[in-house]
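Residues per chain, in single letters:
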Amino acid sequence: MESQWQQKWLEMGLDRTQENPKQPKFYALSMFPYPSGNLHMGHVRNYTITDVIARLKRMQGHRVLHPMGWDAFGLPAENAAIDRGIPPAQWTYQNIAHMKGQLQRLGLSLDWEREVTTCSPDYYRWTQWLFLQFYEAGLAYQKEAAVNWDPIDQTVLANEQVDSEGRSWRSGAKVERKLLRQWFLKITDYAEQLLQDLDQLDGWPERVKLMQANWIGKSVGAYLEFPIVGLEEKIGVFTTRPDTVYGVSYVVLAPEHPLTPQVTTTAQKQAVEQFIQEVSQESELERTAEDKPKRGIFTGGKAINPFNGQEVPILIADYVLYEYGTGAVMGVPAHDVRDFEFATKYDLPITTVIMPAEGDASEPLAAAYTDPGIMVNSGPFDGTPSGEGKTKVIEYAEQQGYGKARIQYRLRDWLISRQRYWGCPIPVIHCPDCGIVPVPDEELPVTLPDNVEFTGRGASPLSQLEDWVNVKCPTCGGDAKRETDTMDTFIDSSWYFLRYTDAKNEQDVFTPQKVNDWMPVDQYVGGIEHAILHLLYSRFFTKVLRDRGLLNFDEPFKRLLTQGMVQAMTYKNPETGKYVVPSQVTAVEEVNSETGKAETVYYEKGTETQLSVFFEKMSKSKYNGIDPAEVLSKYGADTARMFILFKAPPEKDLEWDDADVEGQFRFLNRVWRLVDEFVNHPSSAKKKQKTGELTKAEKDLRRAIHTAIKEVSDDLEGDYQFNTAVSELMKLSNALNDADCKDSPIYREGIEALVLLLAPFAPHIVEELWERLGGKGSVHQQAWLRYDPEALVVDEIDLVIQVMGKKRDVIQVPASATKAELEEFARSSEKIQGYLEGKEIRKVIVVPGKLINFVVG
Ligand code: ANZ
Ligand code: ZN
């Protein structure tokens, strides 16, 4: 049935984007997949969530854009080419075809006419065009940067090709760092805006905004200059604590700092060079890890603290990073944890210059004092509170020419060059006379050649192709060479959501009218793993394109939902530490000797080893992956969707549980039977309008129906609590099942409501049922139901009557009854009269709306 409906929807064009300008727009977007070859459960969850939202918004009268595409460039395709000789394009397009089929089986209401594939020339032509926009704006530039170099294969490696021990995936060689001239995008120009505009993003999880803010890493402080004894140059440092400048007892340079050789004395030269050599082997993470002791060495040089004229030694240390701030630090051991540790180790003086209100500055510190306080030992600033001191020291520094205020961001420019084949070629030409020349517009795209050999060795495949590399300079006509680097695939995904709004445009990247109409994305759904880079880069692209006049909004994604992981049970042998394949596990019911309760215990087959079991993210290596294709074959898409939506709120992790899948399967079967019985019931064809008073049963059922409409609608508004929405639908189905008015038009109202409310969740079965009910058109073209507030009004309640705290009767009374009236109703019950007869009533307790209790003597 599912595939039939999918076919019909395709013919009807049901999933195509509606263009009626009178309807409000809604852009529902899932993060597009990498075509690895197979859909996994994480995809299924992601796309199901977005699909329910898209379907709901359509029923609520929006014109909806709900597209899909492929993030199709990247390393695995190239690896397939190296390992198995399959051309990257072939491997990629095969995977796309297969995964597209899988997606279609899920019954997603996607507009496939807007499909984008980032490795297709009609897409990457515009990626190249956009790169040139950045270049024109002065936001793309080249500089030297380190790459991973495999000395055996003589090739550049991606980070993913280097193992945790720093060895090459192929050759096993110890990977070296090598400097290459590479392309960068100047994202740092937008650091402040990227930070500030996070405030506009009310519909984003706080956690994601915080991660972005930390990544941008804004620090407010000062730039201060320390003269060097015997040299003209000064050492500039960045500090967030100018208030501690009188406590400086040394200055530290990063080993890579250009002044290092100059400040180093002959006596120290050899030791310094050896130290630099050692540090160059460490990664940034190793250099800054908090649990690692800081290492440094004296250069023999001295600097002068301009504030008090004191001479202090210049050191170099591993913990100072060349890429951050100025690559030099003023060391204040009394007030910085790292400096304290460092000064203690190298026997440098520790001078207190900030003191708590009741402190004693002459007492030696046991640890760095990092809180605010009062400035002491600080010349003219003594007695100033440290907060105020920061500003005062900066003002003084400016007057004296020692330095100035400075804001520093941790964010660095985006290195986009990759020395790989399967990526978007950077569209520039290097001419010995004209320098860098952009490839002219009319020559775009610069296409990837396909006569390429993949060996995984030597220079990147593109630079090995002489007739591709050698071209004439577009400006002077002389001999020139193409750029052979390709772009980071994060570039492809930084603008795909814009292209969907005008996916078939061959003249332009998109028209302003279309992009401004559909954007921003109203609801973006994807994994938390993209919380930083993908989202930050997309925001950066949006702002640059806005400044180029290509679009008119500040932020691309209005609301963001980061869905939780899909987990499943894993079995681990505690002795070997290895995961065990489920087919090798035996489950046994045993009585726990401590608690005396029966429980299920798991053993590795054929052994006495009890396995530890827990839920973990599905993965091949843990043998706990569940193949969506199998679930779809066994239960169909509707059940798979229902389970995923019901099992956990969308942003929480979801634990796969076959019993719950079965549960949803049974629920859909119950719905089926309900409708089936109704359709085959002779009275179902009767008139649809109820005239006259409703009976109690009808009123109760109508209340259940409208409660469901209200609750499901509320659950789907804003936070998308699909799990509770499904629970409400189950309640409604129970109410219908139990209803005492199956002949009434109210019952028909209920059956139809159940089908309509279920439509976004289980689209196929509901379409079939809608047809059987004789509904007009597709169920997915019906309007979302609105509840009738009057139907919710409870006009009668059940009053529990107790005598001495024991329940003796339940009667129906008007909901509006006062306490006195409730007592009167209770006393009029015959049963109660029996209990009260001949007894003295000492007290009557009334809980309005619920119960009444007679205390008798
Ligand atoms: C003196 C000082 C005294 C500092 C004190 C802190 C506390 P954030 O917040 O991360 O910006 N620093 C500056 N550049 C550095 C570099 N390239 N590598 C390592 N550390 C560097 O931190 C800024 C602080 O980190 C700066 O303020 C500097 O140490 C250090 F009681 O200067 B501070
Ligand atoms: Zn030229």
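Residues numbered from 1 in each chain as written. Chains lettered and ligands numbered in written order. Predicted model: local features only at pLDDT ≥ 70, side-chain atom pairs only at ≥ 80, totals over all residues.

- In the annotation of an unreviewed UniProt entry, the protein is listed under the name Leucine--tRNA ligase and assigned to Spirulina subsalsa FACHB-351.
- Per its UniProt entry, the protein bears the Sequence similarities (unreviewed entry) comment "Belongs to the class-I aminoacyl-tRNA synthetase family."
- Of the protein, the UniProt comment under Subcellular location (unreviewed entry) reads exactly: "Cytoplasm". (UniProt positions renumbered as here; feature names shortened; annotations may be inferred.)

## Let's talk about the overall build of the protein
Working step 1: A count of helices and strands for the protein gives 27 helices and 35 strands.
Working step 2: Across its three principal axes, the protein shows a C-alpha extent of roughly 110 × 75 × 65 Å.
Working step 3: Across the 857 residues in the protein, those meeting the buried criterion constitute 38%. (Helix = DSSP H or I, 4+ residues; strand = E, 2+ residues; numbered from the N terminus. Buried ≥ 20, exposed ≤ 12 C-beta atoms within 10 Å, placed from the backbone.)

## Here's the deal with the environment of Ile235
Working step 1: Looking at where Ile235 falls in the secondary structure, it is placed in strand S9 (residues 234-239).
Working step 2: The exposure class of Ile235 is buried, given the 25 C-beta atoms found within 10 Å.
Working step 3: Separated by 101 residues in the primary sequence, Ile235 and Phe134 place their C-alpha atoms 34 Å from one another.
Working step 4: Residues contacting Ile235, with those up to four places away along its chain left out, are Glu225, Phe226, Ile228, Val251, Leu253, Leu259, Ala303 and Ala328. (Contact = placed C-beta atoms within 7 Å.)

## Side note on the UniProt feature "domain: Aminoacyl-tRNA synthetase class Ia" (unreviewed entry) in the protein
Working step 1: Residues annotated in UniProt with the feature "domain: Aminoacyl-tRNA synthetase class Ia" (unreviewed entry) correspond here to residues 411-569 and 617-657.
Working step 2: Helix makes up 21% of residues 411-569 and strand 21%, and the two end C-alpha atoms of the span are 39 Å apart.

## Let's talk about the site of ligand 1
Working step 1: Around ligand 1, the structure places 18 residues, and the nearest of them are Ser219, Thr239, Gly325, His335 and Asp336.
Working step 2: Those elements giving two or more residues to the shell around ligand 1 turn out to be S9 and strand S13 (328-331).
Working step 3: Split into classes, the residues belonging to the shell around ligand 1 amount to 8 nonpolar, 8 polar and 2 charged. (Near = placed C-beta within 6 Å. Nonpolar A, V, L, I, M, F, W, Y, C, P; charged D, E, K, R; others polar.)

## Concerning the sheet that holds strand S33 (residues 806-814)
Working step 1: Spatially, 4 strands are ordered S33-S32-S35-S34 in an open sheet, and the strand pairing comes out mixed. In this open sheet, the two strands that pair with only one neighbour each are S33 and strand S34 (841-847). Geometrically, the sheet is characterised by an average inter-axis angle of 20 degrees between neighbouring strands, direction not taken into account. (Pairing = 2+ DSSP bridges. Axes fitted to C-alpha atoms, helices over the stretch in contact; angles between N-to-C directions.)

## Considerations on the pairing of strand S26 (residues 566-573)
Working step 1: Note: S26 against strand S31 (residues 654-655), 2 bridges, orientation parallel. In the sheet register, Gln567 faces S31, and the bridge partner there is Glu655.
Working step 2: Note: S26 against strand S30 (residues 612-617), 6 bridges, orientation antiparallel. Directly across from Met569, in S30, lies its bridge partner Phe615.
Working step 3: Count of turn residues in the S26/strand S27 (residues 578-579) antiparallel hairpin: 4 residues, of which Gly577 carries a positive phi of about 75 degrees.

## A few points about the pairing of strand S1 (residues 25-30)
Working step 1: Of all 6 residues in S1, 5 are buried, a share of seventy percent or more.
Working step 2: The sheet contact formed by S1 and strand S2 (residues 63-65) spans 3 bridges and is parallel. Each bridged residue has a counterpart across the sheet, and for Lys25 the counterpart in S2 is Arg63.
Working step 3: A crossover connection joins S1 to the parallel S2 through helix H2 (residues 41-59); in handedness this β-α-β unit is right-handed. (Right-handed = clockwise from strand over helix to strand, strands pointing away.)

## Quick look at the UniProt feature "domain: Methionyl/Leucyl tRNA synthetase" (unreviewed entry) in the protein
Working step 1: UniProt feature "domain: Methionyl/Leucyl tRNA synthetase" (unreviewed entry): in the numbering of this structure it lies at residues 31-164.
Working step 2: Helix makes up 47% of residues 31-164 and strand 16%, with an end-to-end C-alpha separation of 29 Å.

## Quick word on unusual backbone geometry
Working step 1: Cis geometry is adopted by the peptide bond preceding Pro445, which originates at Leu444 and carries an omega value of 0 degrees.
Working step 2: Within the element layout of this structure, Pro445 appears in the loop between strand S20 (435-438) and helix H13 (466-469).
Working step 3: Met519 connects to Pro520 through a cis peptide bond whose omega is -5 degrees.
Working step 4: The phi angle at Gln154 is positive, at roughly 55 degrees, despite the residue not being glycine.
Working step 5: Among the residues examined, Gln154 registers 12 C-beta atoms within 10 Å and is labelled exposed.
Working step 6: At Asn377, a residue that is not glycine, the phi angle is positive and equals roughly 50 degrees.
Working step 7: One can find Asn377 in the loop between strand S15 (374-375) and helix H12 (386-400).
Working step 8: For Asn377, a count of 17 C-beta atoms within 10 Å translates into the label partly exposed.

## Details of the sheet that holds S20
Working step 1: Reading across the sheet, the 4 strands line up as S20-S19-S22-S21 and stay open at both edges, with antiparallel pairing between neighbours. Each of the sheet's edge strands pairs with one partner strand only, and the pair in question is S20 and strand S21 (470-472). Adjacent strand axes in the sheet meet at a mean angle of 40 degrees, parallel and antiparallel pairs treated alike.
Working step 2: Bridge count between strand S19 (residues 428-431) and S20: 4 bridges; the pairing is antiparallel. Each residue of the ladder has a partner; that of Val428, found in S20, is Pro438.

## Re the nonpolar core
Working step 1: Core analysis: the largest hydrophobic core is formed by 140 residues, its most contacted members being Ala708, Leu729, Leu754, Val755, Leu757, Leu758 and Val766.
Working step 2: Element by element, the count of residues in this core is highest for helix H23 (residues 745-758), at 9 residues.
Working step 3: Two domains each donate at least three residues to this core, and these are domain 2 (566-625) and domain 3 (657-792).
Working step 4: Leaving out residues up to four positions away in the same chain, Leu758 has contacts with Val671, Leu729 and Val766. (Core = buried A, V, L, I, M, F, W, Y, C linked by C-beta atoms within 7 Å. Domains from an automatic or database assignment.)

## A few points about H2
Working step 1: If you check H2, its first and last C-alpha atoms are 27 Å apart, about what 19 residues at 1.5 Å a residue would give, namely 27 Å.
Working step 2: Extensive coverage of H2 is indicated by the burial of 18 of its 19 residues.
Working step 3: In the segment just after H2, Gly61 is the residue with positive phi, at about 95 degrees. (Expected span 1.5 Å × (residues − 1).)

## What to know about helix H17 (residues 533-547)
Working step 1: Under the 1.5 Å per step criterion, the end-to-end length of H17 is 21 Å for 15 residues, consistent within 8% with the ideal 21 Å.
Working step 2: Buried residues in H17 make contact with helix H5 (121-136), helix H6 (191-196), helix H7 (206-216), strand S17 (414-415) and helix H14 (489-492).
Working step 3: Where H17 ends, the next residue or the one after it, Gly549, has phi of about 80 degrees, a positive value.

## Let's talk about the environment of Val661
Working step 1: Note that Val661 resides in helix H20 (residues 658-680).
Working step 2: The buried category is assigned to Val661, around which 21 C-beta atoms lie within 10 Å.
Working step 3: Along the backbone, Val661 and Leu701 are 40 residues apart, and their C-alpha atoms lie at a distance of 28 Å.
Working step 4: Contact partners of Val661, with chain neighbours within four places excluded, come to Tyr635, Thr639 and Phe643.

## Overview of the packing of helix H22 (residues 722-738) against H23
Working step 1: Contact pair H22 / H23: the axes reach a minimum separation of 10 Å and the direction vectors enclose 160 degrees. When the axis of H22 is compared with that of H23, the two are roughly antiparallel. By crossing handedness, the relation of H22 to H23 is classed as left-handed. Every residue of H23 that contacts H22 at Leu729, Leu732, Ser733 and Leu736 is listed here: Gly750, Ile751, Leu754, Leu757 and Leu758. (Parallel < 35°, antiparallel > 145°, perpendicular 65-115°, else oblique. Left-handed = near helix turned anticlockwise from the far one by under 90°.)

## Things to note about the packing of helix H21 (residues 696-716) against H22
Working step 1: At a minimum axis distance of 9 Å, the contact between H21 and H22 shows a crossing angle of 170 degrees. Taken together, the axes of H21 and H22 lie roughly antiparallel to each other. Across the interface between the two elements, Leu701, Ala704, Ile705, Ala708, Glu711, Val712, Asp715 and Leu716 of H21 pack against Thr724, Ala725, Glu728, Leu729, Lys731, Leu732 and Ala735 of H22.
Working step 2: In terms of residue class, the contact of H21 with H22 is built from 10 nonpolar, 1 polar and 4 charged.

## Remarks on the environment of Ala267
Working step 1: Tracing the backbone through its elements, the reader meets Ala267 in helix H9 (residues 266-280).
Working step 2: Between the alpha carbons of Ala267 and Thr299 there is a distance of 8.8 Å; along the sequence they are 32 residues apart.

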